[in-house]
Amino acid sequence: MDVTNLKFLFYGYSAAWIIITLFVLMLVSRGRKIDRELARLKSLVEDKERS
Amino acid sequence: MREKAIYILCFLGACLMIWNLHHIFTEMAPEAAQGMAGWILFIHVPADFMGDILYTIALVTCVLYLVKKDLRYDSISVACIEVGTMFILVNLVTGSIWGKNQWGIWWTWDLRLTTQLMKFLLYLGYLVVRPAISEPSQRATMSAFIGIFAYADVPLVMMAIRLPNVRTQHPSPVIETGGINSVMLPFVIGIFAQLMMALALMLVRLHQESNRREIDSLRRELHAL
Amino acid sequence: MTGLSTAFAIARKDLRTEFRTKESLNASASFALVILVIFSFAFNLERDEFYAISGGLLWLVYSFAGAMIVNRAFSRELPNDCLDVLITSPAPGWAIFFGKALAAFCLLLIVEAISLPVFGLFYNIQWINAAGPLVLIILLATWGMTIVGAAFSAVIVNVRLRELMLPVLLYPILIPLLIAAMGGTTALMNGEGLSGDNFGYLRQLIVFDAIYTALALYMIEFILVF
């Protein structure tokens, strides 16, 4: 009985950690996309201003 | 500076959670009625608290946006609601796993679980509609409206847990009945751990939102040039 | 014009437009009938067992038909910039919104009135005996659906994929209303009255309507002005 409950405790904690990790990964990938877009737009604006 | 703050907060939060886990395995006896699985409480309940706190902050900033039309309030709203929705998802999933262990079922349609799921769906709707509107101030107005409408469920969930006569299998709240006193320390540590994590995630998200606002203004500038 | 007469004028305009073309009435009523047919294949129940799911079935059909109708409430104003004209007119925002909600309410009632006898026919459910309280529940719940639906329709009128977004936003908010309507309707179909335990359903409907009508009328000013 105790072992089963420990198993479920493990499942519960790992589920929580997995959700948090996936969210962090999602944030990181979105952050990279935003940074790339920002850099691209900044260079475009500089080119336009120079010309 | 901001990045250092994020790393420190994450590290602290992770340390606290690991300490909690260590404490459970070395010091704590199995909980009276539920065996060791009852200690999922230290993630399950603080996740709900953090979610509710974040949603309340989002409600305030949504109203502030509608009043003052400052896009920074909209950024805070979306950051709060995204992180808050993640915490409510953690709450639902850990609760479901606990339920499978205790009652043998993954889900039941009693008042608490239904209202909690409804809360999750309402804010998920907020997150789904936001990308579909391209104009920033329009998007902010719509999101503020949806965020305010969606908040109606949060007090409903709190009431649902406390109503005396509702037929439900969910255990009654332990904070008020004092059943939590013996395990107060890991519980409070659990809350702090999630608070650290929430703050770290919020900082990251807010930085992304300010970048996005800069992208919007650069696009407009490019259009004008 | 006072606010209320403006609201009625807008409601009349919407209803007149709809009755001339009958496009959303036809689409919504046909959709409701098709759903009724499909649901009859979904369950393999004995004749009497249908009474236990009658309320749920009926309100599923009504809510799907309702989403189609309230979606049109504000999106019908998009061609030719009619929405901008309405917003910039001196009419108060709440009057415009209330008029459109009223028109959607009448249209949805028509669709429901068409589908109710068909529902009774297909599933052999006797609802005539409980007609009075049933009409009350239908009126209250339909008003709740239309007021919240019209509010969200105004919110997402300029969004891409409008027809997909409205159900995503609308149905979670309607969960308490649908629970009360479905529970009350099932109780009525099974011959129980609306007193005692079942009165809670009626109370929940009235509270939902009151809260969300007030909230929507107050908030709509912030939405219809951009």
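From a predicted model like this one, the values you see are computed outputs, not experimental measurements.

Cut-offs and rules
Residues numbered from 1 in each chain as written. Chains lettered and ligands numbered in written order. Predicted model: local features only at pLDDT ≥ 70, side-chain atom pairs only at ≥ 80, totals over all residues. Helix = DSSP H or I, 4+ residues; strand = E, 2+ residues; numbered from the N terminus. Rg over C-alpha atoms; globule rule 2.2 N^0.38 Å. Contact = placed C-beta atoms within 7 Å. Buried ≥ 20, exposed ≤ 12 C-beta atoms within 10 Å, placed from the backbone. Expected span 1.5 Å × (residues − 1). Bend = angle between axes of the 7 residues up to and from the residue. Core = buried A, V, L, I, M, F, W, Y, C linked by C-beta atoms within 7 Å. pLDDT = per-residue confidence, 0-100. Nonpolar A, V, L, I, M, F, W, Y, C, P; charged D, E, K, R; others polar. Axes fitted to C-alpha atoms, helices over the stretch in contact; angles between N-to-C directions. Parallel < 35°, antiparallel > 145°, perpendicular 65-115°, else oblique. Left-handed = near helix turned anticlockwise from the far one by under 90°.

So, on to the overall build of chain C. Across its full length, chain C carries eight helices and zero strands. Traced from its N-terminal end to its C-terminal end, chain C shows the element sequence α-α-α-α-α-α-α-α. Here chain C has a C-alpha radius of gyration of 18 Å; the compact-globule value for 226 residues is 17 Å, and the two agree. Of all intrachain contacts in chain C linking residues separated by at least 6 positions in sequence, the fraction that spans at least 24 positions is 86%.

Of regular secondary structure, chain A possesses one helix and zero strands. Radius of gyration (C-alpha) of chain A: 22 Å, far over the 10 Å computed for a compact globule of 51 residues. For chain A, the C-alpha atoms occupy an extent of roughly 75 × 5 × 5 Å along the three principal directions. Relative to its 51 residues, chain A shows a buried fraction of 14%.

Here Arg47(C) shows up in the loop between helix H2 (23–42) and helix H3 (50–75). A C-alpha to C-alpha distance of 18 Å links Arg47(C) and Asn129(C), two positions 82 residues apart in sequence.

We now examine helix H8 (residues 199–223) of chain C. Turn by turn, an α-helix covers 3.6 residues, leaving residues three or four places apart pointing in a common direction. With 25 residues, H8(C) extends 35 Å from end C-alpha to end C-alpha; this agrees with the ideal 36 Å at 1.5 Å per step. At Leu217(C), H8(C) shows its strongest bend, of approximately 25°. Packing partners of the buried residues in H8(C) comprise helix H5 (136–150) of chain B together with helix H5 (93–123), helix H6 (131–155) and helix H7 (162–189) of chain C.

One finds Ala104(C), Val148(C), Ala154(C) and Ile156(C) to be the most contacted residues of the largest nonpolar core, which totals 137 residues. In this structure Ala154(C) touches Phe74(C), Phe97(C), Ile220(C), Ile223(C) and Leu224(C), once residues within four positions along its chain are discounted.

Residues and elements named next belong to chain C. Predicted confidence across chain C gives a mean pLDDT of 88, with 99% of residues reaching 70 or more. The spread of mean pLDDT over the elements of chain C runs between helix H4 (residues 82–88), the lowest at 86, and H6, the highest at 93. Scoring the predicted complex yields pTM 0.83 and, for the interface, ipTM 0.85.

Moving on: the interface of chain B and chain C. Residue-level contacts link 16 residues of chain B with 16 residues of chain C. Looking at which element gives the most residues to the side of chain B that touches chain C, the answer is H5(B), with seven residues. Tallied by class, the residues present in the side of chain B that touches chain C amount to 13 nonpolar, three polar and no charged.

This part is about unusual backbone geometry. With a phi close to 60°, Lys69(B) is a non-glycine residue in the positive phi region. Residue position: Lys69(B) is located in the loop between helix H2 (41–68) and helix H3 (71–102). Taking the number of C-beta atoms within 10 Å as the measure of exposure, Lys69(B) has 13 and is therefore partly exposed. Although it is not a glycine, Asn124(C) sits at a positive phi angle of roughly 55°.

Right, let's talk about the environment of Ala193(B) for a bit. Residue and element names in this part refer to chain B. With respect to the helices and strands, Ala193 occurs in helix H8 (residues 184–224). A sequence separation of 40 residues divides Ala193 from Asp153, and the C-alpha atoms of the two residues are 26 Å apart. The residues touching Ala193, leaving out its near neighbours within four places in the chain, are Gly13, Leu16, Met17 and Asn20.

Residue and element names in this part refer to chain C. At a minimum axis distance of 10 Å, the contact between H2 and H5 shows a crossing angle of 25°. One way to sum up the angle between H2 and H5 is to call them roughly parallel. Where H2 crosses over H5, the two elements pack in a sense that is right-handed. Taken together, the residues of H5 that come into contact with H2 (itself represented by Ser24, Leu25, Ser28, Ala29, Ala32, Leu33, Leu36 and Ser40) are Leu107, Ile110, Val111, Ile114, Ser115, Val118, Phe119 and Phe122. Class assignment of the residues belonging to the contact of H2 with H5 gives a composition of 12 nonpolar, four polar and no charged.

Glancing now at the packing of H2(B) against H8(B). All names here are of chain B. In contact at an axis separation of 9 Å, H2 and H8 are set at 45° when each is read in the N-to-C sense. With respect to H8, the axis of H2 lies oblique. In the packing of H2 onto H8, the handedness of the crossing is right-handed. Where H2 approaches H8, its residues Phe42, Ile43, Pro46, Ala47, Phe49, Met50 and Leu54 are matched on the opposing element by Pro186, Phe187, Gly190, Ile191, Gln194, Leu195 and Ala198. Here the residues of the contact of H2 with H8 are counted per class, giving 12 nonpolar, two polar and no charged.

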